[in-house]
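# Remarks on the overall topology
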2 protein chains.
Amino acid sequence: MRDILETVSSIQQAAEFTGLSEDTIRYYEKIGLLPYADRKANGHRTYSKHQLEGMVFLTRLKATGMTLEEMKRYRKLSEQGTVSIPQRISILKEHKKRVQSEISRSLETQRIIDYKIEHYNEVMLNPDLNNTACDSIEE
Amino acid sequence: MRDILETVSSIQQAAEFTGLSEDTIRYYEKIGLLPYADRKANGHRTYSKHQLEGMVFLTRLKATGMTLEEMKRYRKLSEQGTVSIPQRISILKEHKKRVQSEISRSLETQRIIDYKIEHYNEVMLNPDLNNTACDSIEE
DNA sequence: ATACAACTTGGAGTACACTCCAAGTCAAGC
DNA sequence: GCTTGACTTGGAGTGTACTCCAAGTTGTAT
C-alpha cells in the first residue's frame, strides 16, 4: 500500500490527477509556482503522490480566486521549512476570509436571481406589470 | 421621491454607484454589453437610476463568474422584450446552478484550509510530526 | 479671455493565465 | 534500422478584461 502511494507519475498522469493540462504544469514550473520536478534518466518529469497532492491543493486555492503570484509566495514559504509556518497560516487565514466574503456575495446573488426569476414569472402571467413594480431590479 | 429615483447621473456618478471605473463603463458600452447611453446636449453620457441598477446587477453576475460574453447574450435578450423572458430565466437558472457548485467548492476548500492550519499548529507544537501524519495535505 | 474640470472619441497597451508550436531526444515495438 | 509515441525545451501566440492615452469639446469660475 505504501508502494502504491509512493509510485512515481509521469506528467500525463499528473495532468489527469490534478485536472491541469500538461502545458499548464510545465508553465507552473517555468514561472516557479511548482518546484523544478525530478527527472528520469531520459529527462522526463516525475511526480510523487505527495507532490500530486500538493498540486491539487494549489488548484483549490486557484479555484477559489488566489492568483498565481500569491500561490507562488505561499510555496516559496513552504520551501523555507517550519520557520515559515506562521506566515503560511496567515496567508491561508487571509484567503479563507476572502473566500468567505465571496461565498456571501454568491449567496446574495442567488437570492437576487431568485427574486428576478420570480418577477419574470409574474410578468409572464400579467404583462401589464412589466416595468413598474420592480425599481431595484432591471429588466 | 420619484424625482430622486429618476435623477440622471453622469458617468462619474455611475462609476461610484456601480463600483466600475469610468473606463470600464465606456468599454462595456463599446463592446455592446451596455446599450448606447443617452447623451446630454454636450455629448456626455447620462444614466437613469434604473440603468444604474441594471449595471449593478451585471456586476453581480460578473462577480459570480459570468463572462462578458454571456452577460451580453442576456442583455440582448432583454432588448427583445417579454418574448425572451423564458430564455432569460433559463440563463439565470443555469448561472445559479454554476454559482451553487462554486459555493460548494469554496466551502470544501475552507474545510481543507482549516485542516491544514490545524496540521500546521500541530507541527509547531511537535516538529517531529512534520511530514508523516498527513499524506493528503502537502507542506 | 482664460484656465480648469469633466467629459468625448478611437485606438493602443497591459496583465494574467494559459496554450500552442517547432525542433529535438529517448525507449519500445516491428 | 525505422517508426511511433511520450516526452523535452524555448519561445511565440491567444483570450479575456480591462486600462491608458492623446486630442478634442463643452461648461463653469475667475
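First things first, this report covers the structure right here in the doc. Just so you know, these numbers come straight off a predicted model, no measurement behind them. (Residues numbered from 1 in each chain as written. Chains lettered and ligands numbered in written order. Predicted model: local features only at pLDDT ≥ 70, side-chain atom pairs only at ≥ 80, totals over all residues. Heavy atoms only, no water.)

A separate point is helix α2 (residues 11–18) of chain B. All names here are of chain B. Taken together, the buried positions of α2 are occupied by I11, A14, A15 and T18. For α2, the buried positions fall inside an angular range of 100 degrees around the axis, keeping them on one side. Looking at α2, the residues exposed on the side facing more than 90 degrees away from the buried face are Q12 and E16. Of the surrounding elements, those touching the buried residues of α2 are α3 (22–30), β2 (45–46) and α4 (49–63). Directly after α2, the chain includes G19, whose backbone phi takes a positive value near 85 degrees. (Buried < 20%, exposed > 50% of the residue type's maximum accessible area, 1.4 Å probe, protein only. Helix = DSSP H or I, 4+ residues; strand = E, 2+ residues; numbered from the N terminus. Arc of directions from axis to C-beta. Contact = heavy atoms within 4.5 Å.)

Residues in contact with DNA strand C amount to 17 residues; listed here are only the nearest, Y28 of chain A together with Q12, R26, R39 and R45 of chain B. Each atom of DNA strand C within 4 Å of the protein was assigned to sugar, phosphate or base; sugar and phosphate come to 68%. Y28 of chain A is positioned such that a nitrogen or oxygen atom in its side chain is 2.5 Å from a phosphate oxygen of DNA strand C. Of all the secondary-structure elements, those providing two or more residues to the surface near DNA strand C are α3 (22–30) of chain A together with α2 and α3 of chain B. In the surface near DNA strand C, the residues fall into four nonpolar, seven polar and six charged. (Near = heavy atom within 4 Å. Polar contact = N/O pair within 3.5 Å; in protein donor to acceptor, adjacent residues only side chain to side chain. Nonpolar A, V, L, I, M, F, W, Y, C, P; charged D, E, K, R; others polar.)

To continue, consider empty space enclosed by the protein. Residues and elements named next belong to chain B. Here the structure, examined in full by the defined rule, presents one cavity of 30 Å³ or more. In this structure, the largest cavity occupies an estimated 30 Å³ of space. Looking at the largest cavity, the residues that line it are L20, Y28, M55, L58, T59, K62 and M71. Considering only residue class, the lining of the largest cavity consists of five nonpolar, one polar and one charged. (1 Å grid on protein atoms, 1.4 Å probe; cavity = no way out; pocket = protein on both sides within 12 Å on 5 of 7 lines; lining within 4 Å. Points joined across faces, edges and corners; volume = space filled by probe spheres on them.)

Any functional reading would require information that these geometric values do not contain.
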